[in-house]
Structures are given as structure tokens and as C-alpha cells.
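Letter by letter, the chains look like this.
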Amino acid sequence: MARIRCDFFSEALGMGTSMTVLLPERTSGQIGLAGNAAVGDPPVLYLLHGLSDDDTIWTRRTSIERYVAPLGLAVVMPQAGRSFYTDEAHGNRYWTFLSEELPEICHSFFRLSTRREDTFVAGLSMGGYGAAKWALRDPGRFAAAASLSGALDVTRRRDHPTSPVNPAVWHTVWGGREVPGTDDDTVALLERAGSDLPALYVACGTEDFLYEDNIRFVEAARRRGVPVTVEFSPGDHDWAYWDAKIQDVLAWLPLRREVIG
């Protein structure tokens, strides 16, 4: 695969930012790794980072490049700071950047499929929240969305006594704005969602401090009759868990299989 660290200017953010991108490459001569490419423009997975990380973290903490090489799948990993993928009250417009500007920039820079059936989103922790929010607010964009150890109930997490998030982060992101019932409340988004949703996948370790938040999200999905693939199993909020589960997500994605080796 080709791995690209792309530095570019964002109009939405008003500053330079970065993304790490993996692009499929058809190879036969590499020792220990076979690369495939899709017929036509490749499908794309937007893969979101967590609170303490950046756009390089998935390539540094997992073998994501090795996992996607046989699939003919492009992966876009944007930089989003500690924004919770939100237009911050006292910061920058990261929701606008993610949901509007980033896809346009990616399609102008790279050859990627624009079809819904070829477009996916996933993330961990803060990025799991971002992936779920993006899929629920713009369901027509995605065929599937996956959350790993996601902060899927921020209205509860914001005031939870065991939350490890510095209160200054909440202030920067939301200030004095109310979150319950808004488009930043993923449980509320789920409960009022229409019928044409992407396939949803929720995984969380049973020892994770966000486990109860994930249970609440899944319960809301079931009340609403929204199908969701659920994987609750032993694990903590760490990279050992996410490295294993991203492989399960890739196996679960409804990828078209017309690849040429």
C-alpha cells in the first residue's frame, strides 16, 4: 500500500492540518504482504482517532496497513485534536471540517469511490463517538459505521464522576451549551433516526470505563428497532483491544469483493 502523510490547509479550520492516508496498491513482489486493488475507484474507510491521539496513531499502534492491504480498501485518518468531532464552542469547526470539507478534499486529492456502498466510517473512544455521530447525522453517506470503545453517551459522560476527561475539554467543546437532545447527543440521534441507516457495529471491553455508556447506546438502538452488531467481550480501554477489534470490523464491512491482485 501507499502511506501518505498529507499536510494541507483547511478553510473550515482556518489553518493547516494533517491526515494520514493509506491507498491500495496491487503488488506481487513484496515478501510477506500481498496487495490488492479494487476494480475502479477504491472503497474508503474514514478512521477516527481518540482524545489523546492524532492522525498517525492507527498506523503506529496497530497493523492497519497490513490488515487492509489485501482488501483493496483506502483508509483516511484525519487530525481532529480533542474536539469530539464537534464545532467547538471555544475552538474550531471540527464537525464542519470532518463532515463537509474533508470528503471533498480527499476526493480532489485522491482517486476514491463516491458511492455510498463503498464508504465507511469507524473510530475508537472519542473517534467511536465521532463515527456514530457522523453516520447518524449523515446516514446517506455511509454503508456501515463502527464504534470501538466509543464515548457513545456524552451527555452522561460529561457529568460522570469517573470521567478521565479534563473538564476544560468539555468547556472548550461545548461551553455552556446543552447537549441532551441535540445533534451532538448520539443516543438522541439514534432514537429519532429514520429507517435508512448504515449498518452499525458497536464493540467495547467489559472492563472498559465506557462499557455502561455503550450498553445504553445499544439499548436505545434496540428500543428503536435499529439493527446493530454488538461485540461485548473481555477487554480494557487499550490498544491491545483495538488492534484485535479493528480486524473484526474489517471482516464485518460489506466490501465489494471485485479486487484484482
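Going by the structure above, here's the rest.
Residues numbered from 1 in each chain as written. Predicted model: local features only at pLDDT ≥ 70, side-chain atom pairs only at ≥ 80, totals over all residues. Heavy atoms only, no water.

**A short note on the side chain of Asn214**
At step 1: Topologically, Asn214 is positioned in helix 8 (residues 211-224).
At step 2: Overall, the relative accessible area of 0% leaves Asn214 in the buried class.
At step 3: A polar atom in the side chain of Asn214 sits 2.8 Å from the backbone oxygen of Leu210.
At step 4: Beyond its immediate stretch of four places on either side in the chain, Asn214 contacts Ser149, Gly150, Leu152, Val202, Ala203, Cys204 and Phe232. (Helix = DSSP H or I, 4+ residues; strand = E, 2+ residues; numbered from the N terminus. Buried < 20%, exposed > 50% of the residue type's maximum accessible area, 1.4 Å probe, protein only. Polar contact = N/O pair within 3.5 Å; in protein donor to acceptor, adjacent residues only side chain to side chain. Contact = heavy atoms within 4.5 Å.)

**Looking at the pattern of salt bridges**
At step 1: For the coordinates displayed, the defined rule picks out 17 salt bridges.
At step 2: The shortest N-O distance in the salt bridge between Glu212 and Arg156 comes to 2.6 Å. On the criterion of sequence distance, the pair formed by Glu212 in helix 8 and Arg156 in helix 5 (residues 154-157) is long-range, its members being 56 residues apart.
At step 3: Residue Glu212 is classed as partly exposed on the basis of its relative accessible area of 47%.
At step 4: Via salt bridges that share partners, Arg115, Glu117, Asp118 and Arg256 belong to a single interconnected network. (Salt bridge = Lys/Arg side-chain N within 4 Å of Asp/Glu carboxyl O.)

**Considering the pairing of strand 7 (residues 144-148)**
At step 1: Most of strand 7 is tucked away: 5 of the 5 residues are buried.
At step 2: Burial along strand 7 is two-sided: the residues Ala144, Ala146 and Leu148 and Ala145 and Ser147 are all buried.
At step 3: The pairing of strand 6 (residues 119-124) with strand 7 spans 5 bridges and is classified as parallel. If you follow Phe120 over to strand 7, its bridge partner there is Ala144.
At step 4: The sheet contact formed by strand 7 and strand 8 (residues 199-205) spans 5 bridges and is parallel. When the bridges of strand 8 are listed, Ala146 appears paired with Tyr201. (Pairing = 2+ DSSP bridges.)

On their own, these measurements won't tell you what the molecule is for.
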